[in-house]
Amino acid sequence: MAKGTVAWKIIKNHLVSGKMEPGEEIAIKIDQTLTQDATGTMCYLEFEAMGVPEVKTELSVSYIDHNMLQTDFRNADDHKYLMSVAKKFGIWLSKPGNGICHQVHLERFAKPGKTLLGSDSHTPTAGGMGMLAIGAGGLDVAAAMAGEPFYLKMPKIVGVHLKGKMPEWVTAKDIILELLRRLTVKGGLGKIFEYFGEGVKELSVPERATITNMGAELGATTSIFPSDEITRAYLRAQGREEDWVELLPDPDAEYDEVIEINLSELEPLIAQPHSPDNVVPVREIEGIKVDQVVIGSCTNSSFVDLTRAAKLLEGRRVHPDVVFAVAPGSKQALELITQNGALLNFLKAGARILESACGPCIGMGFAPPTNGVSVRSFNRNFKGRAGTPDAKVYLASPETCVAAAIAGEIIDPRKLAEREGVKWIRVEMPEKFPYGDEAFIPPLPKEEREKVEIYRGPNIKPLPEFEPLPETIEGEVALIVEDNITTDHIMPAGAKILPLRSNIYAISEYVYHYVDPEFVPRMKKLKEKGKAGIIIGGENYGQGSSREHAALAPRFLGVRAVIAKSFARIHHANLVNFGVVPLEFKNKEDYDKFSLGDEIEIPNLIERLKKGEDILVINKTTGEEILCTYNLTPVQKEILIAGGRLNYIKNKHRK
Ligand code: F3S
């Protein structure tokens, strides 16, 4: 047991029920929530359906940062819906253009020692502030706003011992890329990564946040840094020193596991297409021609990142064959680089300046060309995520990105620096940040909330009702997929699909669109026949994001069970939340015993779940009987039996 660690102390302070032993179900109180618009519309529709008059958290913030294209009424309508909901229920609203939720939350709201639940998988960014920040599905976040605790399995707490001192041109991004190289995208399942050691003092709060942000790519529950004097200085500069508390591991703290990283031995690293763990030293792949370079995203778009990147570009030009763009992470960061001259360096170098928003990360307004190479300071490079299915996206530090922008090809930034005579700079934190609070709308006083009418444009569709779990599932294999299927594969994003997030009827037409365009028509035929769809998956099914539409939309189409070799944590929880049974092969080789269209029966499901027995899956086409297990807590079983969490909460309020 990892007693005395920072994560352990925060969990202990927030424990509502359960034993703090790895793998045991615990429930924790949530102090703060955040949503972004792409998950937020559905989350607030769910919150409304719960019938709770106002949020019960200490603080809830609704950010508008993902879906910024306003080429027709839909996104603008959704934004207006979110603004009216915030007024109605006592929620802070961060207006479009104010910045990316994680960056802005770190600057203005994150507090050491508190818990944060966000409907975005990179919510752990706030762990850079010593906060226990977890990404979850919108329904979990809606429940937290309604005062419900958050249920999870007590994770193992892994200590990451940062030793030594980072050499020049090695940055926070290289630390997390090194961990991804070692542990892979599955390495963090069921774990919290807690950083300690003298190397922690090397890192500013935004740099720590780069590391905790990309802990999400390890599949970790969350990542966290201690809250020390560096945290205090950052909060002081943000005008919030009163939010600071010291939070350090006890001298005798014991971690469940310890990983050591000697910072002095690190070198600039890069993740190759199409996975964030496909990491190699930059020097090994030098010479690859580059079409575009972007600095931004919730990973690397802080004031520190932008200032250093601009300094490297000073007096230089972007290579003629490269389009280079910068998307500052927040209005605050943009204001700072305007003040310190960095913005001018970008402009003079020939950069495109994009809005302070997610944008290129999800193929919004800056997708790579066909078959193109894009080098990004971002966190994800799954196939097609950037908007161009055959593009090759590389992930690296802003410094490595700038080096590629200047050279027109991938190059080790140390080599470019030597060639161009560029000196490495240390970015000092300002004594006072410009707060940039003019783009927030604070919660309305209580007495004024009643009068607020919620605005619903034609794109806002109410949630469908879902029936409870049947005792026996009768269905067919509707799809068979391989290992590491991401939520992007299941429910793609992009400019065409994102505006449909608040319209389950329209968005469900795109489920598995790029994997198998026949999937949706097949599901419709099954629905007509009154049969359920069963998906067969490989390892780490549903990795990637907290996108609950990746569970909700298949459920809407009639998927009632996913049988996989293993599941990613958030998606597993989302499947349960929407009443889709996540089953795991007892014997992984049984994966091969299914073909598309096989008739399936899963008998005595509720009885077996209640008794804790393995589940029998009968392949009626081949006659094979396959045993499956499941990884469900007692509460999750009740949720599944009720047909999903919304039914479960409604039933609870009815009692
Ligand atoms: Fe936005 Fe991409 Fe981060 S979509 S929240 S910048 S992972």
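Residues numbered from 1 in each chain as written. Predicted model: local features only at pLDDT ≥ 70, side-chain atom pairs only at ≥ 80, totals over all residues.

Within an unreviewed UniProt entry, the label attached to the protein chain reads Aconitate hydratase A, and the organism entered is Aquifex aeolicus. Regarding the protein chain, the UniProt comment filed under Cofactor (unreviewed entry) reads as follows: "[4Fe-4S] cluster". The record held by UniProt for the protein chain lists under Pathway (unreviewed entry) the comment "Carbohydrate metabolism; tricarboxylic acid cycle; isocitrate from oxaloacetate: step 2/2." (UniProt positions renumbered as here; feature names shortened; annotations may be inferred.)

Asks: I tried to follow the packing of helix α9 (residues 303-313) against helix α10 (residues 331-339) on my own but got confused; where do I start?
Replies: Angle between the axes and distance between the axes are the two parameters that describe a pair of packed helices. Between α9 and α10, the shortest axis-to-axis distance is 9 Å and the interhelical angle comes to 35°. In the packing of α9 onto α10, the handedness of the crossing is right-handed. In this structure, α9 uses F303, L306, T307 and A310 to contact α10, whose residues at the interface are A333, L336 and I337. Its residues assigned to classes, the contact of α9 with α10 comprises six nonpolar, one polar and no charged. (Axes fitted to C-alpha atoms, helices over the stretch in contact; angles between N-to-C directions. Helix = DSSP H or I, 4+ residues; strand = E, 2+ residues; numbered from the N terminus. Left-handed = near helix turned anticlockwise from the far one by under 90°. Contact = placed C-beta atoms within 7 Å. Nonpolar A, V, L, I, M, F, W, Y, C, P; charged D, E, K, R; others polar.)

Asks: Would you take a moment to explain the UniProt feature "domain: Aconitase A/isopropylmalate dehydratase small subunit swivel" (unreviewed entry) in the protein chain for this structure?
Replies: As annotated in UniProt, the feature "domain: Aconitase A/isopropylmalate dehydratase small subunit swivel" (unreviewed entry) corresponds to residues 513-587 in the numbering used here. The distance from the first to the last C-alpha atom of residues 513-587 is 30 Å, and the span holds 37% helix and 23% strand.

Asks: Which parts of the structure should I look at to understand the site of the ligand?
Replies: Every residue close to the ligand is listed here: H66, I100, H102, D120, H122, S297, C298, C358, C361, I362 and N379. The residue inventory of the shell around the ligand, partitioned by class, reads five nonpolar, five polar and one charged. Residue assignment places the shell around the ligand across two domains, with domain 1 (6-265) and domain 2 (269-420) each supplying three or more. (Near = placed C-beta within 6 Å. Domains from an automatic or database assignment.)

Asks: Where do I start with the domain arrangement of the protein chain in this structure?
Replies: Often, the extent of an interface is quoted as the loss of accessible area on bringing the components together. Taken domain by domain, the protein chain holds domain 1 (6-265), domain 2 (269-420) and domain 3 (473-654). For domain 1 versus domain 3, the separation of C-alpha centres amounts to 27 Å. In this complex, domain 1 contributes 32 residues to the contact, which on the side of domain 3 involves 25 residues. Listing elements by their share of the side of domain 1 that touches domain 3, those giving two or more residues are α2 (37-49), α3 (73-89) and α5 (138-145). Class assignment for the residues of the side of domain 1 that touches domain 3 results in 12 nonpolar, 13 polar and seven charged.

Asks: It is not clear to me how helix α11 (residues 342-349) should be interpreted in this structure. Could you clarify?
Replies: Counting along an α-helix, one turn takes 3.6 residues, and residues three or four places apart therefore face a common direction. Turning to α11, its buried residues number three or more, namely A342, L343, N345, F346 and A349. For α11, the angular spread of buried residues about the axis comes to 160°, placing them on one side. Taken together, the buried residues of α11 touch α9, β16 (323-326), α10 and β17 (352-353). Following α11 by one or two positions, G350 has its phi on the positive side, about 100°. (Buried ≥ 20, exposed ≤ 12 C-beta atoms within 10 Å, placed from the backbone. Arc of directions from axis to C-beta.)

Asks: I would appreciate a short explanation of the environment of I261 in the present structure.
Replies: In this fold, I261 is placed in strand β12 (residues 257-262). Separated by 100 residues in sequence, I261 and H161 have C-alpha atoms that sit 6.1 Å apart.

Asks: Even after reading the chapter, I still don't get the sheet that holds β12, so can you show me in this structure?
Replies: Within a sheet, each strand pairs with its neighbour through backbone hydrogen bonds, oriented either parallel or antiparallel. Reading across the sheet, the four strands line up as β11-β10-β9-β12 and stay open at both edges, with parallel pairing between neighbours. Of all the strands in the sheet, just β11 (222-224) and β12 have a single pairing partner and so form its edges. Between one strand axis and the next, the sheet turns by 20° as a mean value, whatever way the strands run. Where strand β10 (residues 191-196) meets β11, three bridges bridge the pair, whose relative direction is parallel. In the sheet register, I192 faces β11, and the bridge partner there is T222. Relative to β10, helix α1 (residues 6-14) is tilted by about 125°, and along the sheet it contacts β9 (156-163), β10 and β11. (Pairing = 2+ DSSP bridges.)

Asks: It is not clear to me how the sheet that holds strand β1 (residues 15-17) should be interpreted in this structure. Could you clarify?
Replies: On the basis of which strands lie adjacent, the open sheet formed by three strands has the order β1-β2-β8 and antiparallel pairing. Looking at which strands have only one partner, the edges of the open sheet turn out to be β1 and β8 (150-153). When strand polarity is set aside, the average angle formed by the axes of neighbouring strands in this sheet is 40°. Sheet analysis places β1 next to strand β2 (residues 25-28), joined by two bridges and oriented antiparallel. What sits directly across from L15, in β2, is I28.

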